[in-house]
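Structural description and commentary
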Amino acid sequence: MEFEWYFRDHLFRSMNKGLSRLEISTIPKTLVDTYLRFRNANVDEISILLHSAIENLVQRNVITQDDTNIKLKGKLTRKQCGKCFYVCYVSENEPLSCFRCSNVELRDFPIKKTTKPGSKSEEDLGLGHSNKPN
Ligand SMILES: [Zn+2]
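Please read these numbers as outputs of a predicted model, since none were measured by experiment. (Residues numbered from 1 in each chain as written. Predicted model: local features only at pLDDT ≥ 70, side-chain atom pairs only at ≥ 80, totals over all residues.)

Right, let's get into the confidence of the model for the protein chain. Confidence in the prediction for the protein chain averages 87 pLDDT; 82% of positions are at 70 or higher. Mean pLDDT per element in the protein chain: strand β6 (residues 106–108) is the minimum at 95, and strand β3 (residues 69–72) is the maximum at 98. Segment residues 119–132: pLDDT under 50, and five contacts once partners within four positions in sequence are set aside and those in other chains are kept. (pLDDT = per-residue confidence, 0-100. Helix = DSSP H or I, 4+ residues; strand = E, 2+ residues; numbered from the N terminus. Contact = placed C-beta atoms within 7 Å.)

The subject of this paragraph is the environment of Lys79. Take Lys79: it is sitting in strand β4 (residues 76–81). We classify Lys79 as buried; it has 20 C-beta atoms within 10 Å. A C-alpha to C-alpha distance of 5.1 Å links Lys79 and Phe109, two positions 30 residues apart in sequence. When neighbours within four sequence positions are excluded, Lys79 is seen to be in contact with Cys88, Val90, Leu106, Arg107, Asp108 and Phe109. (Buried ≥ 20, exposed ≤ 12 C-beta atoms within 10 Å, placed from the backbone.)

Further remarks concern the sheet that holds strand β2 (residues 63–65). With respect to topology, three strands assemble into an open sheet ordered β1-β3-β2, the strand pairing being antiparallel. A single partner strand is all that each edge strand has here, and the edge strands are β1 (21–23) and β2. Within this sheet the neighbouring strands show an average axis-to-axis angle of 25 degrees, counted without direction. Pairing between β2 and β3: three bridges, direction antiparallel. Paired with Thr64 across the strands is Lys71, a residue of β3. (Pairing = 2+ DSSP bridges. Axes fitted to C-alpha atoms, helices over the stretch in contact; angles between N-to-C directions.)

Printed below as a string of C-alpha cells:
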C-alpha cells in the first residue's frame, strides 16, 4: 500500500507535467531516481511492486494498461482526510474516501487560500506574532 502511494504521487506529478501516458519499463528506474524512499531499493524489487500496483489501479479504474504503457483514465486530485489528515491521490473514477480510515470528508490539499484582494491578513496587522511569553 505504501508503494502505491508513491506510485500515485508519481502519476499525479506526471499528469501535472502533461504526461498522461507512461512507459511501464521506465517507471521503476524513475521511482528510484525520484524518491529518497526508494534510493537504496533494487529496481527488480520495484518492478514486482509496480506490477501489482498497476493491477490494482487498473481494477480501480484509475489507469488503463496496454502491452508497454499505462495511461491515466481520469484526473487525479490530491486530497486530505478531515479526520486523520492522511493525504492521498484520488481518481475521479474512484469513490471519494480516505484510504486509511475510510472517512468520506476529504478536502483539497493544500488548502486554497481565499484572502480577498486588498484586505489585510492577520499577519499584516501584527496579530500573527503574539506568542511572546509574558
Ligand atoms: Zn482518514
